[in-house]
Amino acid sequence: MDRATPHTTLRIIRQEHHCLAAVIKAMQHFTHQIAAGGKAPDLKVFRAMLLYISEYPEKVHHPKEDHFLFAPLRLRTHAIDDTIAALEVQHAQGERMVRELEHALARYELMDEASGLTFCALVDQYAAFYFEHMTLEEDIVLPAAAAHLSEQDWAAADAAFATNRDPLVGADLGADFDRLFSLITTITPAPIGVGPEVE
């Protein structure tokens, strides 16, 4: 479909997918460096990335997709019911995978190098899982939404997604999403982030 859509929801979802993909690729950059025997970054880098994933996509982005896209789509068409069901399962699975990553990072920090390799493998598993998930949404769900949702559906979705600018409000985390994402991209070397290239 034409990406120059007037619907705020579709623009925000694609933008959020782009940001999430950047964070995941940055995480892979560092874990591949570790797996190849390179120096590990300060582990606060990984903690910042996992904080972003757990506080933004899992707690803000996914619930709104479930409520403002998937639910009304089920009322308007049954053509993609199986895809929606699979994506809802993946939303729950993604939460479990993020918890596993957090636990694996803690083991790496407190135990040994073997735990680091386990963390690296789990990052790659999460990346493969999530890139497939985002592709399903962008290739199947968003075009179906553009074709079937009513103006009333879009008004509700647009109003909800437009509030996504500050997902950490009330969480007492000391920084909003923009600052957290900026931190991640600044400490990640180019071309993935904007930090200095590593030799």
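If you're wondering where the values come from, they're calculated on a predicted model, not measured in any experiment.

Draft legend 1. Local environment of the overall build of the protein. Secondary structure assignment for the protein yields seven helices and zero strands. Counting helices and strands in the order they occur from the N terminus, the protein gives α-α-α-α-α-α-α. Counting the 199 residues in the protein, one finds 48% classified as buried. Counted over contacts in the protein with a minimum sequence separation of 6, partners at least 24 positions apart contribute 73%.

Draft legend 2. Layout of helix H3 (residues 57-76). By the largest-angle criterion, Asp-66 marks the main kink of H3, which is about 30°. Regarding H3, the residues found buried are Pro-57, Glu-58, Val-60, His-61, His-62, Lys-64, Glu-65, Leu-69, Phe-70, Pro-72 and Leu-73. Buried positions along H3 lie against helix H1 (8-35), helix H2 (44-55), helix H4 (81-110), helix H5 (113-148) and helix H6 (151-161).

Draft legend 3. Summary view of the packing of H1 against H2. Between H1 and H2, the shortest axis-to-axis distance is 11 Å and the interhelical angle comes to 150°. Taken together, the axis directions place H1 and H2 in an arrangement best described as roughly antiparallel. You can see that H1 and H2 cross each other, and the crossing is left-handed. In this structure, H1 uses Glu-16, Cys-19, Leu-20, Val-23, Ala-26, Met-27, Phe-30, Thr-31 and Ile-34 to contact H2, whose residues at the interface are Val-45, Phe-46, Met-49, Leu-50, Tyr-52 and Ile-53. Classifying every residue of the contact of H1 with H2 gives 13 nonpolar, one polar and one charged.

Draft legend 4. Examining the pattern of salt bridges more closely. In the structure shown here, the tally under the stated rule is three salt bridges. Its salt-bridge partner being Arg-47, residue Glu-109 comes within 2.9 Å of it at the nearest N-O pair. Residue Glu-109 is located in helix H4, and its partner Arg-47 is located in helix H2; the two are separated by 62 residues in the primary sequence. Judged by its relative accessible area of 44%, Glu-109 falls in the partly exposed class. Using a relative accessible area of 39% as the deciding quantity, one classes Arg-47 as partly exposed. We note a salt bridge from Glu-88 to Arg-74, for which the minimum N-O separation is 2.8 Å. You can see Glu-88 sitting in helix H4 and its partner Arg-74 sitting in helix H3, a full 14 residues away along the chain. Residue Glu-88 is classed as partly exposed on the basis of its relative accessible area of 29%. By relative accessible area, Arg-74 is classed as partly exposed at 30%.

Rules used in this analysis
- Residues numbered from 1 in each chain as written.
- Predicted model: local features only at pLDDT ≥ 70, side-chain atom pairs only at ≥ 80, totals over all residues.
- Heavy atoms only, no water.
- Helix = DSSP H or I, 4+ residues; strand = E, 2+ residues; numbered from the N terminus.
- Buried < 20%, exposed > 50% of the residue type's maximum accessible area, 1.4 Å probe, protein only.
- Contact = heavy atoms within 4.5 Å.
- Bend = angle between axes of the 7 residues up to and from the residue.
- Axes fitted to C-alpha atoms, helices over the stretch in contact; angles between N-to-C directions.
- Parallel < 35°, antiparallel > 145°, perpendicular 65-115°, else oblique.
- Left-handed = near helix turned anticlockwise from the far one by under 90°.
- Nonpolar A, V, L, I, M, F, W, Y, C, P; charged D, E, K, R; others polar.
- Salt bridge = Lys/Arg side-chain N within 4 Å of Asp/Glu carboxyl O.

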